[in-house]
Amino acid sequence: MEFYSQADLEASRREKRSRIRCTLLLMMPFAVLGAAAFAMRKEALSIAGFVLAGAILIFLCDLRIKPAASYVRFLEEVHSGLTHETLGTLVRVGEDPVYDEGVVFYEVILNIYEDMSVEGERRFLLDGKKTIPQEWIGRDVLVTSHGTSLLAMRPAEAKA
C-alpha cells in the first residue's frame, strides 16, 4: 500500500494556495479601509483598519497557512529523498498524535528481531491522514521509509 503519490503533492499545493487566497481576501477589506482612512487623514480609523488586517493575517497564517505549507514541504522532501526498506513484524500503531515539524503523525512500531525482543523495535511515523489495516498488526510487513516517515507498507508475502 503506497501512502503518497504525485497527486497528493499537487492537491496539497492547491490547498495551500487556496488558503493563502482566502486569507488575503479576508484581510483585504480592512487593509482597504485602513488605506482609505489614511488618505482621508482619519488616524483612528486608519490604525483600526491596519490592525485588523494584520491581526487577520497573523491569525490565519498560524492557523491555516503554516500547517498547509509544512505538509507541502514534507511531501516534497518525501518525494525527492532517499528511501529505505525494512522487514519486520508490525507491533502496534499509536493512537496519540505526534507532531514533527508542523505535521501530524502517528507512531508505528515495527520489530525487526525474530525473538521479538524490545531492542528490535523500530519507530516509524505514519501520516495522520493515512491508515493501516488493523489485520496487519502481528504480521510480517515490508516497510519503505524516508528517514522515519512511512512511504509504503505491504505484507511480507506480497514482496515478490
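Refer to the structure printed above.
Definitions and cut-offs
- Residues numbered from 1 in each chain as written.
- Predicted model: local features only at pLDDT ≥ 70, side-chain atom pairs only at ≥ 80, totals over all residues.
- Heavy atoms only, no water.
- Pairing = 2+ DSSP bridges.
- Helix = DSSP H or I, 4+ residues; strand = E, 2+ residues; numbered from the N terminus.
- Salt bridge = Lys/Arg side-chain N within 4 Å of Asp/Glu carboxyl O.
- Buried < 20%, exposed > 50% of the residue type's maximum accessible area, 1.4 Å probe, protein only.
- Contact = heavy atoms within 4.5 Å.
- Core = buried A, V, L, I, M, F, W, Y, C linked by side-chain atoms within 4.5 Å.
- Disulfide = S-S within 2.5 Å.

A.B. asks: Would you mind going over the pairing of strand β2 (residues 103-111) with me for this structure?
C.D. replies: The side chains of a regular strand alternate, first on one face of the sheet and then on the other. As paired elements, strand β1 (residues 84-100) and β2 share eight bridges and run antiparallel to each other. Bridging from a neighbouring strand, Asp100 pairs with Val103 of β2. Pairing of β2 with strand β3 (residues 121-127) involves seven bridges; the strand directions are antiparallel. Considered in β3, the bridge of Asn111 is made with Glu121.

A.B. asks: Mind showing me how you'd approach the pattern of salt bridges here?
C.D. replies: Where charged atoms from two side chains of opposite charge approach closely, those side chains can pair. Evaluated as defined, the whole model comprises eight salt bridges. Among the salt bridges present, the one from Arg13 reaches Glu76, with a minimum N-O distance of 2.9 Å. Of this pair, Arg13 sits in helix α1 (residues 6-39) while Glu76 sits in helix α2 (residues 43-80); the two residues are 63 residues apart in sequence, bridging distant segments of the chain. For Arg13, a relative accessible area of 26% puts it in the partly exposed group. Judged by its relative accessible area of 34%, Glu76 falls in the partly exposed class.

A.B. asks: Help me understand the side chain of Thr89 in this model?
C.D. replies: Position of Thr89 relative to the elements: it lies in strand β1. The buried category is assigned to Thr89, whose relative accessible area is 12%. Not counting residues up to four positions away in its chain, the partners in contact with Thr89 are Ile109, Leu110, Asn111, Met116, Gly138, Arg139 and Asp140.

A.B. asks: Would you mind showing me how to read the nonpolar core here?
C.D. replies: One recurring pattern in soluble globular proteins is that nonpolar side chains are buried together. Grouped together as the largest cluster of nonpolar side chains are 23 residues, with contacts concentrated most on Tyr4, Phe74, Leu90, Val108, Ile132, Leu150 and Met153. Take this core: its biggest share by element is five residues, from α2. Aside from chain neighbours lying at most four places away, what touches Leu90 is Val108, Ile109, Leu110, Ile132, Trp136, Ile137, Gly138, Arg139, Val141 and Met153.

A.B. asks: What should I look at first to understand the state of the cysteines in this one?
C.D. replies: Here, disulfide denotes a covalent bond that connects the sulfur atoms of two cysteines. Applying the stated criterion across every chain, the model contains zero disulfides. Cysteine Cys22 remains unbridged, with the sulfur of Cys61 as its closest cysteine sulfur at 12 Å. Residue classification places Cys61 among the partly exposed positions, given a relative accessible area of 25%.

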